[in-house]
Amino acid sequence: MDKIFVKGGEVLRGTVHISGAKNAALPTMAASLLTEDQIILRNLPQVRDIETTGKLLQEMGCEAELDQISKNHMCILRAKDPIACEAPYELVKTMRASVLVLGPLLARLGQANVSLPGGCAIGARPIDLHIEGLKKLGATISIEHGYVKARADQLIGSKVVFDQITVTGTENLMMAASLAKGETILLNAACEPEVINLANMLRSMGALIEGDGTKTIRINGVSNLNGADHTIIPDRIEAGTFMIAGAITGGEIELIGCQPCHLSTVINTMRQAGVIVEETERNSCIVRAPHEIQACNVITKEYPGFATDMQAQFMGLMTQAHGTSIITETVFESRFLHASEMIRMGANIKIEGNQATIFGKTSLTGANVIASDLRASASLVLAGLVATGETIIDRVYHLDRGYERIEHKLKTLGAKIIRGSK
Ligand code: EPZ
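Bear in mind that the values here come from a model prediction, so they are computed numbers and not experimental data. (Residues numbered from 1 in each chain as written. Predicted model: local features only at pLDDT ≥ 70, side-chain atom pairs only at ≥ 80, totals over all residues. Heavy atoms only, no water.)

> Would you take a moment to explain the site of the ligand for this structure?
The full set close to the ligand counts 24 residues, and Asp128, Thr166, Thr168, Asp309 and Val331 are the nearest of them. Contacts to the ligand include Val167, whose backbone N or O atom sits 2.9 Å from an oxygen atom. One of the side-chain nitrogen or oxygen atoms of Arg335 is found 3.4 Å away from an oxygen atom of the ligand. Across the complex, the protein chains shield 90% of the 820 Å² of accessible surface that the ligand would expose by itself. Secondary structure elements with two or more residues in the shell around the ligand: helix 1 (22-31), helix 6 (128-136), helix 7 (167-178) and helix 13 (374-386). Grouping the constituent residues of the shell around the ligand by class yields 11 nonpolar, 6 polar and 7 charged. (Near = heavy atom within 4 Å. Polar contact = N/O pair within 3.5 Å; in protein donor to acceptor, adjacent residues only side chain to side chain. Areas by Shrake-Rupley, 256 points an atom, 1.4 Å probe, with all protein chains shown as cover. Helix = DSSP H or I, 4+ residues; strand = E, 2+ residues; numbered from the N terminus. Nonpolar A, V, L, I, M, F, W, Y, C, P; charged D, E, K, R; others polar.)

> Would you take a moment to explain the pattern of salt bridges for this structure?
Side chains carrying opposite charge are able to pair once their charged atoms draw close together. The tally for this structure, following the rule as stated, stands at 22 salt bridges. Note that Lys135 and Glu132 form a salt bridge whose closest N and O atoms lie 3.7 Å from each other. Taken as a pair, Lys135 and Glu132 lie in helix 6 at a separation of 3 residues, close to a single helical turn. Taking the relative accessible area as the measure of exposure, Lys135 reaches 36% and is therefore partly exposed. Here Asp212 and Arg203 are joined by a salt bridge, their closest N and O atoms 2.8 Å apart. Bridged by salt links that share partners, the residues Asp2, Asp400, Glu407 and Arg419 form one connected network. (Salt bridge = Lys/Arg side-chain N within 4 Å of Asp/Glu carboxyl O. Buried < 20%, exposed > 50% of the residue type's maximum accessible area, 1.4 Å probe, protein only.)

> Would you take a moment to explain the pairing of strand 20 (residues 349-352) for this structure?
Note on strand geometry: in a regular strand, side chains alternate between the two faces of the sheet. Bridging between strand 20 and strand 21 (residues 355-360) involves 4 bridges; their strand directions are antiparallel. When the bridges of strand 21 are listed, Glu352 appears paired with Gln355. Here strand 20 folds back onto strand 21, and the loop between the two strands holds 2 residues, one of which, Gly353, carries a positive phi near 65°. (Pairing = 2+ DSSP bridges.)

> Can you help me understand the environment of Leu186 in this one?
Summarising the element assignment, Leu186 is placed in strand 11 (residues 183-187). Since its relative accessible area comes to 0%, Leu186 is described here as buried. Spatially, the C-alpha atoms of Leu186 and Leu105 are 19 Å apart, while their sequence positions differ by 81 residues. Once you skip the residues sitting within four places of it in the chain, Leu186 turns out to touch Val160, Phe162, Thr170, Leu173, Met174, Lys215, Thr216, Ile217 and Ile219. (Contact = heavy atoms within 4.5 Å.)

As structure tokens, this is what we get:
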């Protein structure tokens, strides 16, 4: 099992190219099930979750040229009949976002058998809101032997109110409603840029969608959808992660191919911490570390609030801030597992319920640490960059799910980082 070895103390300087967004790519790949026509996706990140989704689609009978992704970050998909209606446990258990095939399968085939994803390190991750929403569109859904079994001869547009904001729930319902009969209104919908990215792709396929990016999305169903050639938006969480890499090491990094407007709250918070973030043009920015990082408080929220996917990384930065900072996690119920690993490196962090209090500035020392989830593993790499000595991060398969060649990108910025097996 791969590990990552980081020797701390290097100041990171230079330019890094931001990859396409994993969380935007996943629903667009699932959307290929909504048509028999060819779908071309560009700017796909070469990460494990994309590969897993491609394999799942292939298992279901979809043509997917996955080898193109490593060559030019592009994939051609074509879901010609016949398409299987099952998403097996063996694949879904490795990536809960596989639930995104539920809506498209139901809309295309009138049936879907999708394994329940199960929880993960950051929480129970239920999909009850997805299921309740699809029932509102007329689906009959039962849970049998760990599978969601859904049936609907014809989905009928309806009003769906999400009790809680759900990103993939909004995406699943948007895709299902695109082929439903009549109008669907999604209330309390997610506003993330990844949702807008999916709506843009669906519109290019012929879907009638408006209001994406707001909490009320209207979809007028059509009888069929066509092919599309769609480019994935940049990964705002990868961009935020590299911004913190520059800030925590006292360096200066230029991010190329990012969209700072997708990270406004995170950027504003980093500016409060004293970090200089200069938006140079529409799709790049320069990050300069301050002489002293200032402590500041954060409450994670749905978009446009402070992204929960940036919480672990920001906690790493706050261990180097002067003063006490409080991070409140409101989206997931157990997303502080990285804190105990940072404490083993010398951080002074107190966890009480959904609040973490970080007493900075503390000197970190390298240690053997274990990654628990995707963003926690990124935060441990960031802590390793500033720790004295060597940090060895185990279970880096978590990292590979959502970061493309992170050790290569960090090395080009001057980090002493390698991947090895022991
Ligand atoms: C998406 O997950 C992202 N994943 C997550 O990124 C991200 O952390 C999350 O949105 C929040 O921004 C993808 O887009 C593939 P939710 P998702 O449904 O859609 C509860 C990463 O690191 N909920 O918005 O699964 C849920 O438990 C990953 O890249 C229900 O109760 O998250 C959570 O507390 C991690 N019932 C809250 O809502 C449901 O049916 C938000 O979850 C659905 C969700």
